[in-house]
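Here is what each chain is made of, one letter per residue.
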Amino acid sequence: QQAVILAAGRGSRLGLLTKDRPKSMLPVLGKPMMARVMDRLRDAGIRRFVVVIGDQEGAIAAYLSTSWYPDTEVKFAIQAVPTGTVDALLLAAPFLDGPFVLTAVDNLTSPDHVRNLMSCFTQAGDHVATLSLLPATPDQIRVSSGVVLENNIVKAIEEKPADPKGSHASIMLYAFSQKIFEYLPKVKVSARGEREIASAIQASIEDGQKVGYAITDWRLHLTHEVDLLAINRQFLKEGRDAHILSEIPGSVHIIPPVRIDPKVSVGHAAQIGPNVYLESGATVGPGATLENTLVLSGATIAAAEHCHNEIIDRRIRISEPQKA
């Protein structure tokens, strides 16, 4: 019934996209990324949320307090200095009772997996945690958390292992019992200056606690600029909020799926789609052609311009690398 969302980081690796707004407020088909992550959890039945935000993230609190679902309870904890997931979870602890889900604002997977994760945790009964696992290459595991599995149980977990032992990575989506709080104080600060939740899980395993897992076949992670295009494309594929909410000339050719926010200007004879999202405040000139493109607020597409596989901000254009 409850979940913790970690949203204290601004997303410095996202460059100019986060110059004026935090990562959690970047748009995904008309909603902030934060709301899309929470929507997945709400679809699985969760109604109580604790959101850990930075001390400069008032926009997140304002949005969730006024624009999200009224049948939910949202409380906030402030992490002024981002010192890792353990410290963030300790800040959320006073608001929690009973089992809970922990995830991050930059992490998306399917609603079905969220439900499966919760079901696996509940059916296990006595586990301290159930992890979300994703099949991964050694290189992918080295930048995530590697796990070792044995007899349907997690036998070991290590944050960013130099020598991965298994074939799955643990992603930032967990179901926990209250027992996990016994192990958080035991976690030492890493060489990166943070205390990570994987170390607390490993401490519980070494203490004899059981840790289970549920496997997902995909997840999207908002780490780099082009990831925002992939996430919007996924939601267009799912058919979520693919609407045209601005008046556009009859000569404009729309190839679904497309999302056009309110207050978007589109010129005559433009071609929009497939896989295009125009954020409120965007402008598309006459005769322009857009495919697989995200145009953010304040950006202008020139007349007759062709845009393909791009994120276009008023300050920068980001092209998605083409697969070989």
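Reading the values: rules and limits
- Residues numbered from 1 in each chain as written.
- Predicted model: local features only at pLDDT ≥ 70, side-chain atom pairs only at ≥ 80, totals over all residues.
- Heavy atoms only, no water.
- Helix = DSSP H or I, 4+ residues; strand = E, 2+ residues; numbered from the N terminus.
- Rg over C-alpha atoms; globule rule 2.2 N^0.38 Å.
- Contact = heavy atoms within 4.5 Å.
- Areas by Shrake-Rupley, 256 points an atom, 1.4 Å probe, with all protein chains shown as cover.
- Buried < 20%, exposed > 50% of the residue type's maximum accessible area, 1.4 Å probe, protein only.
- Polar contact = N/O pair within 3.5 Å; in protein donor to acceptor, adjacent residues only side chain to side chain.
- Phe/Tyr/Trp six-rings, centres within 6.5 Å; stacked < 30°, edge-to-face > 60°.
- Lys NZ or Arg CZ within 6 Å of the ring centre and 35° of its normal.
- Pairing = 2+ DSSP bridges.
- Core = buried A, V, L, I, M, F, W, Y, C linked by side-chain atoms within 4.5 Å.
- Salt bridge = Lys/Arg side-chain N within 4 Å of Asp/Glu carboxyl O.

Undergrad: How should I be thinking about the overall build of the chain in this particular structure?
TA: Along the chain, the regular secondary structure elements total 7 helices and 23 strands. A compact globule built from 324 residues should have a C-alpha radius of gyration of about 20 Å, and the chain, at 21 Å, falls within 12% of that. Considering only C-alpha atoms, the chain reaches an extent of 65 × 45 × 35 Å along its principal axes. Partitioning the contacts of the chain with sequence separation of at least 6, the portion at a separation of at least 24 is 56%. Total accessible area on the chain is roughly 14200 Å²; 51% of this is exposed by carbon and sulfur atoms.

Undergrad: Would you mind going over the side chain of Thr-103 with me for this structure?
TA: Inspection of the secondary structure assignment puts Thr-103 in strand β6 (residues 100-104). Classification of Thr-103 by relative accessible area gives buried; the value is 2%. Among the polar contacts listed, one links the side chain of Thr-103 to the backbone oxygen of Met-172, at a separation of 2.8 Å. Once residues within four sequence positions are removed from consideration, Thr-103 is found in contact with Val-4, Ile-5, Leu-6, Val-37, Leu-41, Met-172 and Leu-173.

Undergrad: Just to check I follow, could you spell out the packing of aromatic side chains for this structure?
TA: Enumeration according to the criterion identifies 5 aromatic pairs in this entry. Note on Phe-49 and Trp-68: the rings are 5.1 Å apart at their centroids and 80 degrees apart in plane angle, and the pair reads as edge-to-face. Taken together, the residues Phe-49 in strand β4 (residues 48-53) and Trp-68 in the loop between α2 (58-66) and β5 (73-78) connect sequence positions 19 residues apart. Assigned by exposure class, Phe-49 and Trp-68 land together as buried. Considering the side-chain rings of Phe-100 and Phe-176, the 5.7 Å spacing of their centres and the 45 degrees angle between planes classify their relative orientation as tilted. With Phe-100 in strand β6 and Phe-176 in strand β11 (residues 168-176), this residue pair connects regions lying 76 residues apart in the sequence. Neither residue differs from the other here; Phe-100 and Phe-176 are each classed as buried. Taking the ring centre of Tyr-69 as reference, the NZ or CZ of Arg-42 above it sits at 3.7 Å.

Undergrad: Would you explain the side chain of Thr-85 in this entry?
TA: On the secondary structure map, Thr-85 appears in helix α3 (residues 85-92). Look at Thr-85 and you get buried, because its relative accessible area is 10%. There is a polar contact of 3.1 Å between the side chain of Thr-85 and the side chain of Glu-196. Sequence-distant contacts of Thr-85, that is, excluding residues within four places in its chain, are made with Leu-6, Met-172, Arg-195, Glu-196 and Ile-197.

Undergrad: Even after reading the chapter, I still don't get helix α1 (residues 33-43), so can you show me in this structure?
TA: A turn of α-helix holds 3.6 residues, and therefore any two residues three or four places apart point the same way. With 10 of 11 residues buried, α1 lies mostly within the body of the structure. Taken residue by residue, α1 has Met-33, Met-34, Ala-35, Arg-36, Val-37, Met-38, Asp-39, Arg-40, Leu-41 and Arg-42 as its buried positions. Positive phi shows up at Gly-45, right after α1, with a value of about 110 degrees.

Undergrad: Help me understand the sheet that holds strand β16 (residues 265-266) in this model?
TA: Pairing between the strands of a sheet comes from backbone hydrogen bonds, and it takes one of two forms, parallel or antiparallel. On the basis of which strands lie adjacent, the open sheet formed by 3 strands has the order β16-β19-β21 and parallel pairing. Each edge of the sheet is formed by a strand with only one pairing partner; in this case those strands are β16 and β21 (300-301).

Undergrad: Got a minute to help me understand the nonpolar core in this structure?
TA: For soluble globular proteins, the rule of thumb is that nonpolar side chains tend to be buried together. Core analysis: the biggest nonpolar cluster contains 35 residues, and Val-4, Leu-102, Leu-131 and Ile-197 have the highest contact counts within it. Put simply, the parts of the chain that give this core at least two residues each are β1 (2-7), β4, α3, β6, β8 (129-135), β10 (153-159), β11 and α6 (197-206). Considering each element in turn, this core owes the most residues, 6 residues, to α6. Formed by 27 residues, the second largest nonpolar core is a distinct cluster that contains Met-38, Phe-49, Ala-61 and Leu-117.

Undergrad: Looking at this structure, I do not really get the pattern of salt bridges. What am I missing?
TA: If the charged atoms of two oppositely charged side chains come close together, the side chains can form a pair. Within this structure, the stated rule accounts for 23 salt bridges. For Glu-320, the salt bridge is made with Arg-233, and the minimal N-O distance between the two is 2.9 Å. Taken as a pair, Glu-320 in the segment after β23 (317-319) and Arg-233 in helix α7 (residues 225-238) lie far apart in primary sequence, 87 residues in all. For Arg-233, a relative accessible area of 24% gives the class partly exposed. Overlapping salt bridges bring together Asp-20, Asp-313, Arg-314 and Arg-315 as one network.

Undergrad: I tried to follow the pairing of strand β22 (residues 306-312) on my own but got confused; where do I start?
TA: Successive side chains on a regular strand alternate, one facing one side of the sheet and the next facing the other. Most of β22 sits out of view: 5 of its 7 residues are buried. Summarising the sheet, strand β20 (residues 289-295) and β22 pair through 6 bridges and their orientation is parallel. Looking at the pairing, Leu-290 lines up with Cys-307 of β22. Here β22 pairs with β23 via 3 bridges, running antiparallel.

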